[in-house]
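Each chain, letter by letter, is given below.
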Amino acid sequence: MTILTFFIEPSGALCGQSRVPGDKSISHRAIMFGALADGITTITGFLDGEDCLATLNAFRAMGVVIAGPDQGRVTIHGVGLHGLQAPAGPLDLGNSGTSMRLMSGILAGQAFDSVLTGDASLTRRPMRRITEPLTLMRAQIATGEQGTAPLQIHGGQRLIGIDYPLPVASAQIKSGLLLAGLYAEGMTRITEPAPTRDHTERLLAGFGYLLRRDSERTVAISGGGHLTATPLDVPADISSAAFFLVGASIAPGSDLVLEHVGINPTRTGVIDILRLMGADIEILNPRLAGGEPVADLRVRHAPLHGIRIPEALVPLAIDEFPALFIAAACAEGVTVLTGAAELRVKESDRIQVMAEGLNALQIAAGATADGIVIQGGTLAGGTVNSHGDHRIAMSFAMAGLRASGPIRILDCANVNTSFPGFADLARDAGLKLQEQA
Ligand code: S3P
C-alpha cells in the first residue's frame, strides 16, 4: 500500500475560482445504469477516483464494454438488464461502500454467482443492513460471521418485491434495494426514516424507468421494465467542495468561487450548517444539469460561532462532518452534534478519529455515542493520523489554514478514492501543502 503524508504549513487564505471533481455518488450510479441500459450512454464530468474506477472495472469484469475515463468522458455500451456475464473471479471494490451496497442489489438479481470483496476498511463495514432486506426479497447472500464482506452471492434466484421500512437513513441501502427491485416480481416499496440523497431515483427517471413516489419518504418500483441509455453530465461533488467551503470560511481574507457544484437539496446540509454557524456562502447562477440542480458557490471568510446541529440535517450532510468539525474547532463557542452514530461506520470511525485528531491539535473535542462536542479554540500544529480515511485527511489539511504551527497528516493515499488532484487544487487556491511519499 502507498504511504502518503500531507505536510501543511500555516497558510493564508483560499482565493480564486476552482472546479472540484465530479460527484462520486452520481458517477457510481452513472456506470451502473449505463451498463444495465439498452444503448450507449455517454458521461461527462465522471469522477475518475479509485472508488468509481472500482465500480467501472467491476462492470468491465462482467463483460460491459466501457471506454474511458478520458478527462471525465466515459462511454458505456449498455448490455441491458439481463446482459451481464459471470465475472471470472471475485470483484474487488477497494475502499468503496457505495459500490458494494448498490452492486449487491444488482448481483442478487443475476443468473450467475458472484463474490464482492474490498480493502481492510471495506471488509470491516456492516453489510447485513443490505443483505438482510435482500434476503427478504429471496436473494441468497452469505456474509462473514460479523456480517461483513466478502459477500458470496448465489445467483439464479427469483426475487420478489418487499415493502421495507429502512431502519437507518441510508441512500446506499435504499438504492441497493431499488436496484434489486428492477429484477423482482411485483413492487418493491421502501420507506426512509429521513430523506437521503435521491440520485438513484433521479437517474431511474432519466433512464426512462417508472418510479412511484408514495410520499416524500416512500418510493416504489416494479420489476420487469427496461432502462434506456441517456447522456449524463455529472456535476462537481458538493462533498469535495465542502473542504473548500470550510477552508475559505475559516481563513481570513478568503474569497473563493467553486464552479458547477451539485446542489441537490438532499446534499446541501453542509451549506445550511455552515450558514447557521455564520458562514458567508452565496449560491450563484443556479441551473439544472442532467436532471440535477447545480450552481457556482462563492464563499468568503466569516467569523463562525458554535451551534447545536439540527438532527434533521444529519443525513443531508453525512459525509461532510469531518470538514464541519474543523469549522467547529475554529468557531467561537461550543458545537454539539447528536443523532450521527452512522459516522462511526464510515471509511473509519469518524467520530473517534476526528476527536483524536482535534485533541492532537489542542482542541477540546469529546466523542459521544452518537456525535461529538467541540469547544472552539486555537488550533495548534501537530501530527494527526487519518487512519486511511480520505475525508479525514482533507479536513485536517484545511485546518492548516488556521493552525499556529505545521500539521502533519499520516496515511493520506486514500484521498485518491474520492478526490484525485486534491493537493494541486488546494495549493492553487492558497493552501501550503506538500505531499511526502
Ligand atoms: C452514499 C450514501 C451515504 C454516503 C456515501 C455515499 C451514496 O452512505 O455516506 O458516501 O452514494 O448513496 P449511507 O447510505 O451509508 O449513509
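We now turn to the structure provided with this report. Everything numeric here is computed off the predicted structure, so don't read it as measured data.

Some remarks on the overall build of the protein
Moving on, step 1. Scanning the protein for helices and strands turns up 13 helices and 23 strands.
Moving on, step 2. Reported as C-alpha extents along the three principal axes, the dimensions of the protein are approximately 60 × 45 × 40 Å.
Moving on, step 3. Burial analysis of the protein (437 residues in total) assigns 59% to the buried set.
Moving on, step 4. Here the protein holds 33 positive side-chain charges and 42 negative ones, and the gap between their average locations is 3 Å.

Details of unusual backbone geometry
Moving on, step 1. The omega torsion of the bond from Gly68 to Pro69 falls at 0°, within 30 degrees of zero and hence cis.
Moving on, step 2. Mapped onto the secondary structure, Pro69 falls in strand 4 (residues 65-70).
Moving on, step 3. Pro150 follows Ala149 through a cis peptide bond whose omega is 5°.
Moving on, step 4. Among the structural elements, Pro150 can be located in the loop between strand 8 (140-142) and strand 9 (151-154).
Moving on, step 5. The backbone phi angle of Gln71 is positive, close to 50°, even though this residue is not glycine.
Moving on, step 6. For Gln71, a relative accessible area of 81% puts it in the exposed group.

Topic: the pairing of strand 1 (residues 5-8)
Successive side chains on a regular strand alternate, one facing one side of the sheet and the next facing the other.
Moving on, step 1. In this structure, strand 1 lies alongside strand 23 (residues 433-436), joined through four bridges in antiparallel fashion. Note that in strand 23 the partner of Phe7 across the bridge is Gln434.
Moving on, step 2. Pairing geometry for strand 1 and strand 22 (residues 407-410), over three bridges, is antiparallel. Pairing of Phe7 across the sheet is with Arg408, part of strand 22.

Observations concerning the side chain of Thr55
Moving on, step 1. Residue position: Thr55 is located in helix 2 (residues 50-61).
Moving on, step 2. Residue Thr55 is classed as buried on the basis of its relative accessible area, which comes to 0%.
Moving on, step 3. Sequence-distant contacts of Thr55, defined by excluding residues within four places in its chain, comprise His28, Ile31, Met32 and Ser99.

Points about the packing of helix 9 (residues 321-330) against helix 10 (residues 350-360)
Moving on, step 1. Look at helix 9 against helix 10: their axes get within 11 Å of each other, and the N-to-C directions meet at 35°. Relative to helix 10, helix 9 is oriented so that their crossing is right-handed. Residues Pro322, Phe325, Ile326 and Ala329 of helix 9 form the contact with helix 10, whose own contacting residues are Arg350, Met354 and Leu358.
Moving on, step 2. Taken together, the residues that form the contact of helix 9 with helix 10 break down as six nonpolar, no polar and one charged.

Remarks on the sheet that holds strand 13 (residues 218-222)
Moving on, step 1. The strand order across the open sheet built from four strands is 10-11-13-12, with neighbouring strands paired in mixed fashion. Each end of this open sheet is capped by a strand with a single partner; those strands are strand 10 (163-165) and strand 12 (212-215). For this sheet, the mean inter-axis angle between neighbouring strands, taken without regard to orientation, is 20°.
Moving on, step 2. As defined by bridge partners, strand 12 adjoins strand 13 across three bridges and the pair is classed as antiparallel. Counterpart to Arg213 in the pairing with strand 13 is Val219.

A look at the sheet that holds strand 14 (residues 232-233)
Moving on, step 1. Taken together, four strands build an open sheet; the order of strands is 4-5-3-14 and the sheet is mixed. Across the chains shown, the open sheet's two edge strands, defined by having one partner strand only, are strand 4 and strand 14.
Moving on, step 2. By the bridge criterion, four bridges tie strand 4 to strand 5 (residues 73-79) in an arrangement that is antiparallel. Counterpart to Ile66 in the pairing with strand 5 is Ile76.
Moving on, step 3. Against the sheet, helix 1 (residues 24-36) touches strand 3 (38-44), strand 4, strand 5 and strand 14, its axis set at about 35° to strand 5.

Let's talk about the pairing of strand 21 (residues 382-385)
Moving on, step 1. Across four bridges, strand 21 lies against strand 22 in parallel orientation. Each residue of the ladder has a partner; that of Thr383, found in strand 22, is Arg408.
Moving on, step 2. The parallel pair strand 21 and strand 22 is bridged by helix 11 (residues 390-399), and the resulting crossover is right-handed.

Quick look at the environment of Thr338
Moving on, step 1. Here Thr338 shows up in the loop between strand 18 (334-337) and helix 10.
Moving on, step 2. Look at Thr338 and you get partly exposed, because its relative accessible area is 22%.
Moving on, step 3. When the C-alpha atoms of Thr338 and Ala220 are compared, they prove to be 30 Å apart, with 118 residues separating the residues in sequence.
Moving on, step 4. Ignoring any residue separated from it by four or fewer positions in sequence, one finds Thr338 in contact with Arg308, Glu311, Val314 and Asp370.
Moving on, step 5. Looking at Thr338, its side chain comes within polar contact range of the side chain of Glu311, at 2.6 Å.

Looking at the site of the ligand
Moving on, step 1. As a structural note, the neighbourhood of the ligand is formed by Ser25, Arg29, Thr98, Ser170, Ala171, Gln172, Arg197, Ile318, Asp319 and Lys346.
Moving on, step 2. In the environment of the ligand, an oxygen atom lies 3.0 Å from a nitrogen or oxygen atom belonging to the backbone of Ala171.
Moving on, step 3. Contact with the protein chains covers 95% of the free accessible surface of the ligand, which is 380 Å².
Moving on, step 4. Secondary structure elements with two or more residues in the shell around the ligand: helix 1 and helix 5 (171-181).
Moving on, step 5. If you count residues domain by domain, the shell around the ligand takes at least three from each of domain 1 (5-22 + 235-436) and domain 2 (24-233).

Conventions and cut-offs
- Residues numbered from 1 in each chain as written.
- Predicted model: local features only at pLDDT ≥ 70, side-chain atom pairs only at ≥ 80, totals over all residues.
- Heavy atoms only, no water.
- Helix = DSSP H or I, 4+ residues; strand = E, 2+ residues; numbered from the N terminus.
- Buried < 20%, exposed > 50% of the residue type's maximum accessible area, 1.4 Å probe, protein only.
- Lys, Arg positive; Asp, Glu negative; His and termini not counted.
- Charge placed at Lys NZ, Arg CZ, Asp CG, Glu CD.
- Pairing = 2+ DSSP bridges.
- Contact = heavy atoms within 4.5 Å.
- Axes fitted to C-alpha atoms, helices over the stretch in contact; angles between N-to-C directions.
- Left-handed = near helix turned anticlockwise from the far one by under 90°.
- Nonpolar A, V, L, I, M, F, W, Y, C, P; charged D, E, K, R; others polar.
- Right-handed = clockwise from strand over helix to strand, strands pointing away.
- Polar contact = N/O pair within 3.5 Å; in protein donor to acceptor, adjacent residues only side chain to side chain.
- Near = heavy atom within 4 Å.
- Areas by Shrake-Rupley, 256 points an atom, 1.4 Å probe, with all protein chains shown as cover.
- Domains from an automatic or database assignment.

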